[in-house]
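# Summary of the model geometry
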Amino acid sequence: MAGERECGYLTFYVNGKKVTDPDVDPETMLLSYLRKKMRLTGTKYGCGGGGCGACTAMLSRYQVHTGTIVHCAVNACLLPVCQLQGAAVTTVEGIGNTKTKLHPVQERIAKAHGSQCGFCTPGMVMSMYTLLRNKPQPDMEDIREALAGNLCRCTGYRPILDGYETFCESPNCCQMNGAKSCLNENNPNCCQQSVKETGLANEAEVADSLENGHLELFSKDDLLPLDPSQDLIFPPELIRMAESGVQTTQTFRGERITWVSPVSLDEVVDLKALHPQAPIVMGNTNIGLDIKFKGVLHPFIISPTRVPELFEVKHTPQGVSIGAGCSMSGVRAVLGGLVQTLPPEQTELHRALLQQLGNLAGQQIRNVATLGGNIVSAYPNSDLNPVLAAGNCRLTVVSKGGTREIPINKDFFVGFGKTVLNPDEIALSVFIPVSCKGEFVRAFRQAPRKENALATVNAGMRVRFHDGSSAVEDLSIFYGGVGPCTVSAPKTCQQIIGRLWGEEALNAAYQMLLEEIPLPPSAPGGKVAFRRALTLSFLFKFYLQMHQKLAEMGVIAEGLQQDMRSGLDPLPSHFLPSYQEFQGVLEGQPGQDPVGRPMMHRSALSQATGEAVYCDDMPRTEGELFLSLVTSTKAHAKIINIDMSAALALPGVVDVITTKDIPGKKFRTFSGLTEELLAEEEVTCVGQIVCAVVADTKPHAKQGAAAVKITYEDLPDRVFTVEEAIEKKSFFEPQREIGRGDVTKGFKMADQIYEGEIRIGGQEHFYMETQSMLVIPGGEDKEMNVYLSSQHPSYVQDSIAETLDIPSNRVTCHVKRVGGAFGGKVTKTTILACITAVAAWKTERSVRLVLERGEDMLITGARHPVLGQYKVGFMRDGQITAADVKYYTNAGNCVDESVLVIEKILLHFDNAYNIPNLHGRSTACQTNLPSNTAFRGFGVPQSLLVTENIINDVALKLGRTAEEIREANMYRGPSLTPYKMEFDPENMLRCWEECKRRSSIQSRHDDIAQFNQRNHWKKRGIALVPIKYGIGFAESFLNQAAALVHIFLDGTVLVSHGGAEMGQGLHTKMQQVASRELCIPSSLIHISETNTHMVPNTCPSAASFGTDANGMAVKDACETLYTRLEPIRKKDPEGTWQSWIQKAFLEKISLSTTGYYRGLDLYMDWEKQEGHPYAYFTYGACCCEVELDCLTGDYRTVRTDLVMDIGRSINPSIDIGQIEGAFMQGVGLYTMEELKFSPSGVLYTRGPGQYKIPAICDVPLQLNIYLLPGSQNPHAIYSSKGIGEPALFLGSAVFFALKDAVASARRDAGLSGPFEFNSPATPERTCLACASHLTQMVPISEPGSFQPWAIESP
Ligand SMILES: Cc1cc2nc3c(=O)[nH]c(=O)nc-3n(C[C@H](O)[C@H](O)[C@H](O)COP(=O)(O)OP(=O)(O)OC[C@H]3O[C@@H](n4cnc5c(N)ncnc54)[C@H](O)[C@@H]3O)c2cc1C
Ligand code: FES
Ligand code: FES
């Protein structure tokens, strides 16, 4: 009887150790179980929603029917612990460590420099480890697929792929597979084919340089071999348990939920009859998100993951019936097997499904998400449902009333998340029929990112032709993503049925299709015109595919013309070997001196083993509380009342912290303006922090926060966009202005004048480690110990002291490491830390705050969106005579660093160009969106996009290449910036020329022109952009740094300095500096943490200046110590370092000292519009080529050549890592990442599900990095240059290459000259800008006649 169930102990294994738990809370996921209960903190929280892979672990189960053990990678954040009965979990700690033995997957990612901040590394390691358990000799495609569900925000992925490529039997080239040519001669993605097609002939160059003693970033010679005997064995007890056949129903009761895990179908049916509203939890990839992110509470859950009938696969001649409980990976295996064994004409549907399954989510999701779950969830953009429906599949359901078979057709999906299933019915199996003769099925999909992204629009289409003819006998078309559920287009089909397959029939169908699928202009999800265009594009692609098929079958005489075939071909996807070129150390440099050599990030190994401790990995302290924030739901409103009574009544809630609890300063001052820590009377954006709840556990704190009721009174005059701000003059002062020459005169001289504008959207930092902190009251003298993830611990220290009204010397901030920051952990972290400190102060207990990904995205702001408006005057030869540019940034509700950002925008807007008459003005607009803040590049990436777009427009006006215009206007010889700073652009020009040479751009222009002529629907584009980036802080005092160095009696050295390690390798470089200065091996040097009591009054780790400043301070300290030791060394020249140190101690020589670097006296006088705000410039140039599918906006960067002048690199592996990581972040900024706000100012994009950062699929197929040789820099340590930020802008080469490809498509459509093309160049913008005949058919609703789903351009 359901209801009287045994409360079984949960038995499973973690890393070979048995876990028996009688008391599991059904709301607990494996991730928190591992991290909090088992103290296995290697597995990380990155998003909590299956979208980032940081929490990847391996799940192994014994399959009784096959007698095999199945290993799969899973997202621990979505895996309910209650489902673990009989499973073995392996985490990063279980495979190796630095104390005993590393596993090769840990070692290789570290040695290949694939771990920067390291927060994603354990997840990467576990995805790769699981792949190797299943396939010890993978190929690159396996690796790429295994890592597709893992995001990294730091590295740009190239080093991770290179490190793991060492597991492949053959290198990344099919030719090396033992055969003379590609194993599959027709493989369009063969690297040899790609080289031929693209003219990317530098494979030979790569091979040459390797032979000629080219330096490599890591040695592949001494890597640990893969040794399967090192792997943990599957626990024999679990095999015995499974084979015993004794399975009992388990029930787990938590505070709010009861979870039943039945073992027989009858029992599930009974339970469902009793609890028809209870969900069936299988993969938990849908229901889990509802519970977590939408706050849905299901008091009763049925989880039949051990019911065998749900996993049965039955083959019949008519088709295959697959159990609804089978995972996507399972379904893929079954269908893949059938494709191998059945005749091809029978597997049309199977192959279409396989295509969708290959793109559906990442591996971790596919391993648990089930077929039945996908169908029943009835997502509007489910990838399977349109194909299942088009393919006439049938679902068998079971209930107390019996079994029935339901066709998955147009009547099956009845609304958002709803099907015709009755609440008490359970999906048992899905029948997938074989295709019949003359029948063809195709699947289509377009997503914001090529992989691991829900489709924007997808489709399944099936056609059956009359025997031996092109007359259509039957047709069915289903779309996803264009309505509340999967929708069909029966009238369109009717229009075509009975006619011959041809353009005529198709042309008649388009209009019908637009009428039949009438997406309203304010449809949820937005992108309305694009989505509608995609429905047409997919139909057109289907037409092309079938036309070609009919021609191949000889049914129609002529196949597609060459240029039309481009609508069929997939984009290239084969990775070519990457290449990095850097300079070796000077002859005679001692072997132990690590400066200038590629040295692994000093924490890379512990990051790869999960031993590296991040803030939230710190153990719970006695009596610790968790803090959860309550944020405003209104964009502009008066706070009438905060009712905390319901929250305080909840279990575990200890207190609610409001502004009244702040003993000291209730606000933070920046740029002369103030920002409240907690809103008191008024809120000015959604997401503003109003109060905070502290409770004994995180779930209790969250529940408490949700129970706080705030009453508001709406205030008028909300401002969201830059345009609204301009209209209402809602600006932060001061605005800035700069210029040289006389623009009025310059415009008069010009042959032509053009006025245009471009917008650049914001960008979320998406550091993988969300904002985290732990404040521990010292217990006496009002001391506070603050452990946090911050770029600027001294600022936090001072702010907390002010907030608590205590002296700064009572507050100690510790930063061990930061899991990525990118500018987002300076000001916002400080506010959060102050609030947490108030909670700790009031409660006198330790308080921890770790933001959820969604909270982090909502609260902490982003990169400033910018509107750039310009007027440019130029001569026929491309010489620009004058440019006048206005920049408006959307600063949000508080000034934060926005004035500094607009200043930096103007300090860079000349970029590489000596435009004689130049004027710029920049303004920070005050709006009712969350306050934007610093982000890598600090306004420069936005500023330069406008500049380069001006150049591009001039080129389009003159019909010349953009390089020609760039070269005609570049600085040459000793030059002056608009603010009259002298500089020599020689190295900038060298980077430019070197990039031109390396990329062979001249000849590729011709190749591309030919390609574009041959291909109507695919276009290639190429662009080469330069950068001149100023290093240092214009506020002189920020350029100073200090260090503290201790030498211990055993000869080991402890270095402390003011910089924070956030993945950029600062500590590693400091270790290299100390090693050189003290002439000792770097292994003797340790850096423990950044600590405000060790090195006080530090400056932020920002502005690409960390190494320059801290390096000099460390050098200074080490020089002092080395000089002190000189007499001892002289007395005993044969002695060892250790002996000298002991001697020095006996002779009472101090072995500890501080070092200091004053920094240059940089300044900027805005009144006079002149100054010397930078120490020097870092230069670079980048050339990118893309291939664009004009029908969908999908694109691929086929090749990137990037040349960077970074002086003499202190550590080429770290510097190249910074270049590649920044470049990829730039690719994200300019082509993918979109923040979307509702018309009332609510951020929609609050996680990796909605906000797409680049993944492995976005890495250029060929990525070549060259460090400019022969460059010196007298202004920085060891002649190096700052490199953290500059390369981010070079990602815009992809943007301009796309624009070039779009321009080519537009020429085919009869359009020429400049056109509107904003950043990011998403598939939506790119496809629509191509202006194909299909996009032109889509009716555009009159702006203002409807309310769009999202604010168009904040
Ligand atoms: C990060 C991420 C990426 C994703 N990407 C994609 C994508 O690209 N394409 C795509 O199509 N989908 C995607 N999904 C959605 C995913 O495929 C579905 O969530 C999944 O298939 C649902 O299956 P499940 O077993 O996890 O369902 P669960 O979450 O366990 O259950 C979902 C719902 O289905 C019901 N249900 C489940 N099984 C049965 C059954 N046998 N009988 C009756 N009701 C049942 C439950 O009651 C519940 O209401 C993604 C999901 C995530 C988290
Ligand atoms: S934390 Fe699990 S996927 Fe992001
Ligand atoms: S190293 Fe991958 S997120 Fe930082």
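Quantities reported herein were computed from a predicted structural model and do not represent experimental measurements.

## Some remarks on the overall build of the protein chain
- Within the protein chain one finds 41 helices and 50 strands.
- Expected size for 1354 residues packed as a compact globule is a radius of gyration near 34 Å; at 31 Å, the protein chain falls within 12% of this value.
- Its C-alpha atoms put the protein chain at 95 × 80 × 70 Å along the principal axes.
- Classification of the 1354 residues of the protein chain by burial places 64% in the buried group.
- Contacts spanning at least 24 positions in sequence make up 78% of the contacts within the protein chain whose residues lie at least 6 apart.
- When the accessible area of the protein chain is evaluated, it comes to approximately 47200 Å², of which 51% is carbon and sulfur surface.
- Separation of charge centres in the protein chain, based on 126 positive and 148 negative side chains, amounts to 1 Å.

## Here we look at the sheet that holds strand β4 (residues 68–75)
- Taking strand neighbours across the sheet as the criterion, the 5 strands line up as β2-β1-β5-β3-β4 in an open arrangement whose pairing is mixed. The strands lining the two open edges of the sheet, one partner per strand, are β2 (17–21) and β4. Averaged over all pairs of adjacent strands, the angle between their axes in this sheet comes to 30°, without regard to strand direction.
- Here strand β3 (residues 56–63) pairs with strand β5 (residues 88–90) via 3 bridges, running antiparallel. Opposite S60, over in β5, you have A88 as the bridge partner.
- Lying over the sheet, helix α1 (residues 30–37) contacts β1 (10–14), β2 and β5, oriented at roughly 105° with respect to β2.

## As for the site of ligand 1
- Around ligand 1, 30 residues are found, and the nearest of them are M282, T285, T370, D383 and A427.
- Within the backbone of I287, an N or O atom sits 2.8 Å from an oxygen atom of ligand 1.
- Taking Y379, its side chain carries an N or O atom lying 3.4 Å from an oxygen atom of ligand 1.
- If ligand 1 stood free it would expose 960 Å²; the protein chains cover 93% of that surface.
- In terms of residue count, the dominant contributor to the shell around ligand 1 is helix α14 (residues 371–377) (4 residues).
- For the shell around ligand 1, a count of residues per class yields 17 nonpolar, 11 polar and 2 charged.

## Overview of the UniProt feature "domain: FAD-binding PCMH-type" (unreviewed entry) in the protein chain
- As annotated in UniProt, the feature "domain: FAD-binding PCMH-type" (unreviewed entry) corresponds to residues 252–437 in the numbering used here.
- For residues 252–437, the helix share is 33%, the strand share is 23%, and the end-to-end C-alpha distance is 52 Å.

## Examining the environment of G820
- Inspection of the secondary structure puts G820 in the loop between β33 (811–815) and α26 (827–843).
- Between the alpha carbons of G820 and Q771 there is a distance of 9.9 Å; along the sequence they are 49 residues apart.
- Apart from the residues lying within four places of it in its own chain, the contact partners of G820 are C117, Y767, K825 and M1062.

## Describing the state of the cysteines
- Scanning the entire structure with this criterion turns up 0 disulfides.
- C894 supplies the cysteine sulfur nearest to C925, a cysteine that is in no disulfide, at a spacing of 15 Å.
- With a relative accessible area of 0%, C925 lands in the buried category.

## With respect to empty space enclosed by the protein
- All chains considered together, the criterion is met by 13 cavities of 30 Å³ or more.
- By volume, the largest cavity amounts to about 220 Å³.
- Taken together, the residues of the lining of the largest cavity break down into 9 nonpolar, 5 polar and 6 charged.
- Here the second largest cavity is characterised by a volume of approximately 130 Å³.
- Forming the boundary of the second largest cavity are 15 residues, of which A862, P930, N932, L1235 and F1237 lie nearest the centre.

## Some details on the pairing of strand β42 (residues 1053–1057)
- Burial analysis of β42 places 5 of its 5 residues in the buried class, which makes it a mostly covered element.
- A two-sided burial pattern is seen for β42, the buried positions comprising V1053, V1055 and H1057 on one face and L1054 and S1056 on the other.
- Bridge count between strand β41 (residues 1041–1047) and β42: 5 bridges; the pairing is antiparallel. When the sheet's bridge partners are listed, V1045 is paired in β42 with V1055.
- Taking the residues that link successive antiparallel strands as the turn, the β41-β42 hairpin has 5 residues, and the phi of G1051 there is positive, at about 90°.
- Bridge count for β42 against strand β43 (residues 1085–1086) is 2 bridges, and the pairing is parallel. The residue of β43 that forms the bridge with L1054 is H1086.
- In this view, the connection linking β42 to its parallel neighbour β43 by way of helix α33 (residues 1066–1078) has right-handed handedness.

## Digging into the packing of helix α37 (residues 1212–1231) against helix α39 (residues 1292–1308)
- One can describe the packing of α37 onto α39 by two numbers: an axis separation of 7 Å at closest approach and a directional angle of 40°. Judged by the inter-axis angle, α37 sits oblique to α39. Residues F1223, V1227, Y1230 and T1231 of α37 lie in contact with α39, whose contacting residues are S1292, V1294, F1295 and L1298.
- Split by residue class, the contact of α37 with α39 holds 6 nonpolar, 2 polar and no charged.

## Here's the deal with the pattern of salt bridges
- Taken as a whole, this structure holds 74 salt bridges when the rule is applied.
- A salt bridge links E1233 to R153; its shortest N-O distance comes to 2.7 Å. One end of the pair, E1233, is in the loop between α37 and β50 (1263–1267); the other, R153, is in the loop between α4 (140–146) and α5 (158–165), and 1080 residues separate them in sequence.
- Accessibility expressed as a relative area gives 0% for E1233, which makes it buried.
- A salt bridge links R462 to D474; the nearest nitrogen and oxygen atoms lie 3.1 Å apart. Highlighted residues: R462 in strand β17 (residues 457–465) and D474 in strand β18 (residues 472–480), separated in sequence by 12 residues.
- R462 gets classed as buried once you look at its relative accessible area, which sits at 3%.
- By sharing partners, the salt bridges in this structure join R35, K36, K44, D616, D617, E624 and R848 into a single network.

## So, a nonpolar patch on the surface
- Side chains of L1049, F1145 and L1146 sit close together on the surface and give an oily, nonpolar patch of about 330 Å² of accessible area.
- Secondary-structure assignment places F1145 in helix α36 (residues 1137–1146).
- When its relative accessible area of 48% is taken as the criterion, F1145 is described as partly exposed.

## Side note on the nonpolar core
- In terms of nonpolar packing, the biggest core is built from 297 residues, with Y164, Y479, W501, L629, W1137, M1204 and F1223 touching the most fellow members.
- Among the elements that make up this core, the one with the highest residue count is helix α18 (residues 528–552) (14 residues).
- Apart from the residues lying within four places of it in its own chain, the contact partners of Y164 are V105, R108, I109, M124, V125, M128, I143 and L147.
- If you look at the next biggest cluster of nonpolar residues, it comprises 72 residues, including A76, M328, L349 and I365.

Rules and cut-offs
Residues numbered from 1 in each chain as written. Chains lettered and ligands numbered in written order. Predicted model: local features only at pLDDT ≥ 70, side-chain atom pairs only at ≥ 80, totals over all residues. Heavy atoms only, no water. Helix = DSSP H or I, 4+ residues; strand = E, 2+ residues; numbered from the N terminus. Rg over C-alpha atoms; globule rule 2.2 N^0.38 Å. Buried < 20%, exposed > 50% of the residue type's maximum accessible area, 1.4 Å probe, protein only. Contact = heavy atoms within 4.5 Å. Areas by Shrake-Rupley, 256 points an atom, 1.4 Å probe, with all protein chains shown as cover. Lys, Arg positive; Asp, Glu negative; His and termini not counted. Charge placed at Lys NZ, Arg CZ, Asp CG, Glu CD. Pairing = 2+ DSSP bridges. Axes fitted to C-alpha atoms, helices over the stretch in contact; angles between N-to-C directions. Near = heavy atom within 4 Å. Polar contact = N/O pair within 3.5 Å; in protein donor to acceptor, adjacent residues only side chain to side chain. Nonpolar A, V, L, I, M, F, W, Y, C, P; charged D, E, K, R; others polar. UniProt positions renumbered as here; feature names shortened; annotations may be inferred. Disulfide = S-S within 2.5 Å. 1 Å grid on protein atoms, 1.4 Å probe; cavity = no way out; pocket = protein on both sides within 12 Å on 5 of 7 lines; lining within 4 Å. Points joined across faces, edges and corners; volume = space filled by probe spheres on them. Right-handed = clockwise from strand over helix to strand, strands pointing away. Parallel < 35°, antiparallel > 145°, perpendicular 65-115°, else oblique. Salt bridge = Lys/Arg side-chain N within 4 Å of Asp/Glu carboxyl O. Patch = residues over 30% accessible without salt bridge, like charges linked within 9 Å, V, L, I, M, F, W, Y side chains within 5 Å. Core = buried A, V, L, I, M, F, W, Y, C linked by side-chain atoms within 4.5 Å.

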